[in-house]
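Structural overview for review
These are the residues of each chain, in order.
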Amino acid sequence: MKAGEILAQSLSQLERDIHPVVIISAYNKALKEALEIVKRISIAIDVNDEAQMLSLIKTSIGTKFVARWSDLMCKLALQAVRTVAQDTNGVKSVDIKRYARVEKIPGGEIEESRVLKGVMLNKDITHPNMRRRIVKPRIILLDCPLEYKKGESQTNMEFSKETDWARAQEIEEEQVKQLCHKLLEFKPDLIFTEKGISGLSSEIQDCTK
(Lines give C-alpha, C1' and ligand atoms only; values in the text may rest on other atoms or scores of the structure.)
Protein backbone atom coordinates (compact mmCIF):
# COMPACT_ATOMS: atom_id res chain seq x y z
CA MET A 1 0.00 0.00 0.00
CA LYS A 2 1.34 3.41 -0.94
CA ALA A 3 1.84 6.23 1.56
CA GLY A 4 -0.78 8.35 -0.19
CA GLU A 5 -3.39 5.60 0.19
CA ILE A 6 -2.58 5.27 3.89
CA LEU A 7 -3.10 9.01 4.38
CA ALA A 8 -6.38 8.82 2.46
CA GLN A 9 -7.61 6.06 4.78
CA SER A 10 -6.61 8.18 7.78
CA LEU A 11 -8.80 11.09 6.69
CA SER A 12 -12.06 9.35 7.61
CA GLN A 13 -10.66 8.55 11.04
CA LEU A 14 -9.64 12.15 11.61
CA GLU A 15 -13.13 13.32 10.61
CA ARG A 16 -14.45 11.09 13.40
CA ASP A 17 -12.29 13.10 15.83
CA ILE A 18 -9.98 10.17 16.53
CA HIS A 19 -6.69 11.48 17.88
CA PRO A 20 -3.68 11.17 15.51
CA VAL A 21 -1.71 9.36 18.23
CA VAL A 22 -4.35 6.61 18.27
CA ILE A 23 -4.24 6.33 14.48
CA ILE A 24 -0.44 6.11 14.47
CA SER A 25 -0.55 3.46 17.19
CA ALA A 26 -2.93 1.39 15.06
CA TYR A 27 -0.63 1.70 12.07
CA ASN A 28 2.34 0.58 14.17
CA LYS A 29 0.39 -2.50 15.26
CA ALA A 30 -0.53 -3.22 11.64
CA LEU A 31 3.11 -2.86 10.61
CA LYS A 32 4.25 -5.24 13.33
CA GLU A 33 1.64 -7.80 12.28
CA ALA A 34 2.58 -7.44 8.60
CA LEU A 35 6.26 -8.03 9.38
CA GLU A 36 5.36 -11.15 11.34
CA ILE A 37 3.33 -12.47 8.39
CA VAL A 38 6.15 -11.72 5.94
CA LYS A 39 8.63 -13.47 8.20
CA ARG A 40 6.34 -16.48 8.47
CA ILE A 41 5.65 -16.94 4.74
CA SER A 42 9.09 -15.96 3.43
CA ILE A 43 11.53 -18.58 2.19
CA ALA A 44 15.33 -18.47 2.08
CA ILE A 45 17.01 -18.09 -1.33
CA ASP A 46 20.55 -19.04 -2.22
CA VAL A 47 22.00 -15.94 -3.91
CA ASN A 48 24.52 -18.13 -5.69
CA ASP A 49 21.77 -20.17 -7.33
CA GLU A 50 21.19 -18.46 -10.68
CA ALA A 51 17.88 -20.21 -11.34
CA GLN A 52 16.40 -19.03 -8.02
CA MET A 53 17.70 -15.49 -8.51
CA LEU A 54 16.29 -15.25 -12.06
CA SER A 55 12.93 -16.51 -10.83
CA LEU A 56 12.94 -13.84 -8.11
CA ILE A 57 13.82 -11.08 -10.57
CA LYS A 58 11.04 -12.15 -12.96
CA THR A 59 8.44 -11.54 -10.25
CA SER A 60 9.55 -7.92 -10.18
CA ILE A 61 9.80 -7.04 -13.87
CA GLY A 62 7.70 -9.76 -15.48
CA THR A 63 4.60 -7.56 -15.72
CA LYS A 64 6.31 -4.53 -17.18
CA PHE A 65 7.32 -3.47 -20.69
CA VAL A 66 10.36 -5.72 -20.69
CA ALA A 67 8.20 -8.84 -20.38
CA ARG A 68 8.85 -9.51 -24.06
CA TRP A 69 12.59 -9.75 -23.31
CA SER A 70 12.11 -11.06 -19.78
CA ASP A 71 14.86 -13.71 -19.85
CA LEU A 72 17.43 -11.32 -21.33
CA MET A 73 16.61 -8.43 -18.98
CA CYS A 74 16.63 -10.67 -15.91
CA LYS A 75 20.07 -12.01 -16.81
CA LEU A 76 21.39 -8.49 -17.46
CA ALA A 77 20.02 -7.26 -14.13
CA LEU A 78 21.60 -10.16 -12.25
CA GLN A 79 24.95 -9.70 -14.00
CA ALA A 80 24.93 -5.96 -13.29
CA VAL A 81 24.22 -6.45 -9.58
CA ARG A 82 26.89 -9.12 -9.23
CA THR A 83 29.38 -6.88 -11.04
CA VAL A 84 28.98 -3.93 -8.64
CA ALA A 85 28.41 -5.98 -5.47
CA GLN A 86 31.04 -5.44 -2.78
CA ASP A 87 31.98 -7.51 0.25
CA THR A 88 33.49 -5.39 3.02
CA ASN A 89 34.40 -7.21 6.23
CA GLY A 90 31.70 -9.78 5.61
CA VAL A 91 29.05 -7.15 4.87
CA LYS A 92 27.70 -7.22 1.32
CA SER A 93 26.53 -3.99 -0.30
CA VAL A 94 25.14 -3.19 -3.73
CA ASP A 95 25.12 0.45 -4.82
CA ILE A 96 23.68 0.41 -8.34
CA LYS A 97 23.02 4.17 -8.31
CA ARG A 98 26.73 5.02 -8.11
CA TYR A 99 28.36 2.12 -9.91
CA ALA A 100 25.85 1.00 -12.55
CA ARG A 101 24.71 3.01 -15.54
CA VAL A 102 22.62 2.36 -18.62
CA GLU A 103 24.24 3.62 -21.82
CA LYS A 104 22.03 3.83 -24.89
CA ILE A 105 23.75 3.52 -28.27
CA PRO A 106 21.80 4.33 -31.47
CA GLY A 107 21.25 1.39 -33.79
CA GLY A 108 21.38 -2.32 -33.12
CA GLU A 109 18.82 -4.57 -31.46
CA ILE A 110 17.76 -5.01 -27.84
CA GLU A 111 19.06 -8.57 -28.00
CA GLU A 112 22.58 -7.14 -28.41
CA SER A 113 22.50 -5.55 -24.94
CA ARG A 114 25.43 -6.51 -22.74
CA VAL A 115 26.79 -5.90 -19.24
CA LEU A 116 30.32 -4.49 -19.40
CA LYS A 117 32.62 -4.70 -16.41
CA GLY A 118 34.56 -1.46 -16.23
CA VAL A 119 34.10 2.03 -17.65
CA MET A 120 32.40 2.64 -20.98
CA LEU A 121 32.94 5.86 -22.96
CA ASN A 122 31.29 6.92 -26.18
CA LYS A 123 33.95 9.11 -27.84
CA ASP A 124 34.21 10.30 -31.40
CA ILE A 125 37.56 10.43 -33.22
CA THR A 126 38.61 14.11 -33.21
CA HIS A 127 42.18 13.75 -34.47
CA PRO A 128 43.59 11.50 -37.22
CA ASN A 129 46.41 10.31 -34.92
CA MET A 130 43.98 8.97 -32.30
CA ARG A 131 44.17 5.19 -31.95
CA ARG A 132 41.03 3.14 -32.53
CA ARG A 133 42.02 0.32 -30.15
CA ILE A 134 44.08 0.49 -26.96
CA VAL A 135 44.84 -2.59 -24.86
CA LYS A 136 45.64 -1.98 -21.16
CA PRO A 137 45.83 1.81 -21.50
CA ARG A 138 47.88 4.09 -19.28
CA ILE A 139 45.37 6.64 -17.96
CA ILE A 140 45.74 10.10 -16.41
CA LEU A 141 42.81 11.60 -14.47
CA LEU A 142 42.73 15.41 -14.24
CA ASP A 143 40.46 17.37 -11.93
CA CYS A 144 40.92 20.49 -14.06
CA PRO A 145 40.19 21.48 -17.67
CA LEU A 146 42.91 21.01 -20.27
CA GLU A 147 42.92 24.60 -21.44
CA TYR A 148 44.32 28.02 -20.58
CA LYS A 149 43.11 29.21 -17.19
CA LYS A 150 41.50 32.61 -17.58
CA GLY A 151 41.96 35.32 -15.00
CA GLU A 152 39.22 36.17 -12.52
CA SER A 153 36.80 39.03 -13.10
CA GLN A 154 39.09 41.56 -11.38
CA THR A 155 41.93 40.87 -13.85
CA ASN A 156 42.57 43.70 -16.30
CA MET A 157 44.69 43.57 -19.44
CA GLU A 158 45.63 46.79 -21.19
CA PHE A 159 47.00 46.77 -24.74
CA SER A 160 48.68 49.78 -26.29
CA LYS A 161 49.75 48.08 -29.53
CA GLU A 162 48.27 45.49 -31.82
CA THR A 163 51.27 43.24 -31.21
CA ASP A 164 50.43 43.16 -27.49
CA TRP A 165 47.21 41.30 -28.24
CA ALA A 166 49.05 38.82 -30.44
CA ARG A 167 51.58 38.26 -27.66
CA ALA A 168 48.78 37.60 -25.17
CA GLN A 169 47.42 34.92 -27.47
CA GLU A 170 50.88 33.39 -27.78
CA ILE A 171 51.20 33.25 -23.98
CA GLU A 172 47.97 31.31 -23.75
CA GLU A 173 49.21 28.80 -26.33
CA GLU A 174 52.56 28.49 -24.54
CA GLN A 175 50.80 27.69 -21.26
CA VAL A 176 48.74 24.97 -22.93
CA LYS A 177 51.84 23.51 -24.62
CA GLN A 178 53.72 23.42 -21.32
CA LEU A 179 50.83 21.56 -19.73
CA CYS A 180 50.79 19.10 -22.64
CA HIS A 181 54.53 18.51 -22.34
CA LYS A 182 54.17 17.77 -18.62
CA LEU A 183 51.42 15.25 -19.33
CA LEU A 184 53.38 13.61 -22.14
CA GLU A 185 56.26 12.94 -19.73
CA PHE A 186 54.02 10.27 -18.13
CA LYS A 187 53.43 8.65 -21.56
CA PRO A 188 49.64 8.33 -21.18
CA ASP A 189 47.33 6.55 -23.61
CA LEU A 190 44.20 8.27 -22.30
CA ILE A 191 43.63 11.55 -20.48
CA PHE A 192 40.36 12.30 -18.68
CA THR A 193 39.76 15.99 -18.04
CA GLU A 194 37.17 18.04 -16.24
CA LYS A 195 34.92 20.30 -18.30
CA GLY A 196 36.62 21.93 -21.30
CA ILE A 197 39.57 21.15 -23.51
CA SER A 198 41.20 23.59 -25.90
CA GLY A 199 41.58 22.91 -29.61
CA LEU A 200 45.37 22.99 -29.21
CA SER A 201 45.24 20.36 -26.49
CA SER A 202 43.17 18.05 -28.70
CA GLU A 203 46.13 18.00 -31.08
CA ILE A 204 48.41 16.89 -28.27
CA GLN A 205 50.71 15.05 -30.65
CA ASP A 206 51.66 18.37 -32.21
CA CYS A 207 52.61 19.75 -28.79
CA THR A 208 55.77 17.66 -28.79
CA LYS A 209 57.20 19.51 -31.81
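Details of unusual backbone geometry
Unlike most non-glycine residues, Asp17 shows phi in positive territory, near 65°. Along the chain, the position of Asp17 falls in the loop between helix H1 (3–15) and helix H2 (20–41). By relative accessible area, Asp17 is classed as exposed at 72%. The phi torsion at Lys136 lies on the positive side, around 50°, for a residue other than glycine. Mapped onto the secondary structure, Lys136 falls in the loop between helix H5 (96–99) and strand E3 (139–141). A relative accessible area of 79% places Lys136 in the exposed class.

Brief notes about helix H4 (residues 70–84)
The end-to-end C-alpha distance of H4 is 21 Å, a good match for the 21 Å that 15 residues give at a rise of 1.5 Å each. Considered for burial, the residues of H4 that qualify are Ser70, Cys74, Leu76, Leu78 and Val84.

Remarks on a nonpolar patch on the surface
Where nonpolar side chains cluster on the molecular surface, the patch consists of Ile43, Ile45 and Leu56 and spans about 290 Å² of accessible area. Checked against the element boundaries, Ile43 lands in the loop between H2 and helix H3 (50–61). Here Ile43 falls in the exposed class, since its relative accessible area comes to 71%.

Quick notes on the pattern of salt bridges
Per the stated rule, a full pass over the model turns up 2 salt bridges. As a salt-bridge pair, Lys58 and Asp71 come within 2.9 Å of each other at their nearest N and O atoms. Of the two residues, Lys58 is situated in helix H3 and Asp71 in helix H4; the sequence distance between them amounts to 13 residues. Judged by relative accessible area, Asp71 falls into the partly exposed class, the value being 47%. As a salt-bridge pair, Asp189 and Arg131 come within 2.5 Å of each other at their nearest N and O atoms. Remark: Arg131 occurs in the loop between H5 and E3 and Asp189 occurs in the loop between helix H6 (162–184) and strand E4 (190–192); sequence separation between them is 58 residues.

So, the packing of H1 against H2
Direction vectors running N to C along H1 and H2 enclose 135°, while the axes themselves pass 11 Å from each other. The angle between the axes of H1 and H2 places the two elements in the oblique class. The way H1 lies across H2 gives a crossing that is right-handed. Along its contact with H1, which presents Ile6, Gln9, Ser10, Gln13 and Leu14, the element H2 presents Pro20, Ile23 and Tyr27. Partitioned by chemical class, the residues of the contact of H1 with H2 number 5 nonpolar, 3 polar and no charged.

Calculation criteria
Numbering of residues starts from 1 in every chain and runs along the sequence as written. Residue-level local features of this predicted model are given only where pLDDT is at least 70; pairs of side-chain atoms are given and counted only at 80 or more, and the full residue set underlies all totals for whole chains, interfaces and linings. Calculated side-chain values reflect all of the structure's heavy atoms, with hydrogen atoms and water omitted. Going along the chain from the N terminus, every DSSP run of H or I of four or more residues is numbered as a helix, and every run of E of two or more is numbered as a strand. The rule is simple: take the accessible area with a 1.4 Å probe, protein chains only, and divide by the maximum for that residue type; under 20% is buried, over 50% is exposed, in between is partly exposed. Helix span, expected: 1.5 Å multiplied by one less than the number of residues in the helix. Each patch is assembled from residues with relative accessible area greater than 30% and no salt bridge, linking like charges that lie within 9 Å and nonpolar side chains (Val, Leu, Ile, Met, Phe, Trp, Tyr) that lie within 5 Å. Residue burial considers only the protein chains on display, and all accessible areas are found by Shrake-Rupley using a 1.4 Å probe. For this document, the term salt bridge refers to a Lys or Arg side-chain nitrogen within 4 Å of an Asp or Glu carboxyl oxygen. Interaxial angle, 0 to 180 degrees, is taken between N-to-C directions of lines fitted to C-alpha atoms, where a helix line uses only the stretch in contact. An angle below 35 degrees is read as roughly parallel, one above 145 as roughly antiparallel, one from 65 to 115 as roughly perpendicular, and any other as oblique. Left-handed describes a crossing whose near helix is turned anticlockwise from the far helix through less than a right angle; right-handed describes the clockwise counterpart. Note on contacts: a residue pair is in contact if any heavy atoms of the two residues lie within 4.5 Å. In this count, Pro and Cys sit with the nonpolar residues alongside Ala, Val, Leu, Ile, Met, Phe, Trp and Tyr, while Asp, Glu, Lys and Arg are called charged and the others, Gly among them, polar.

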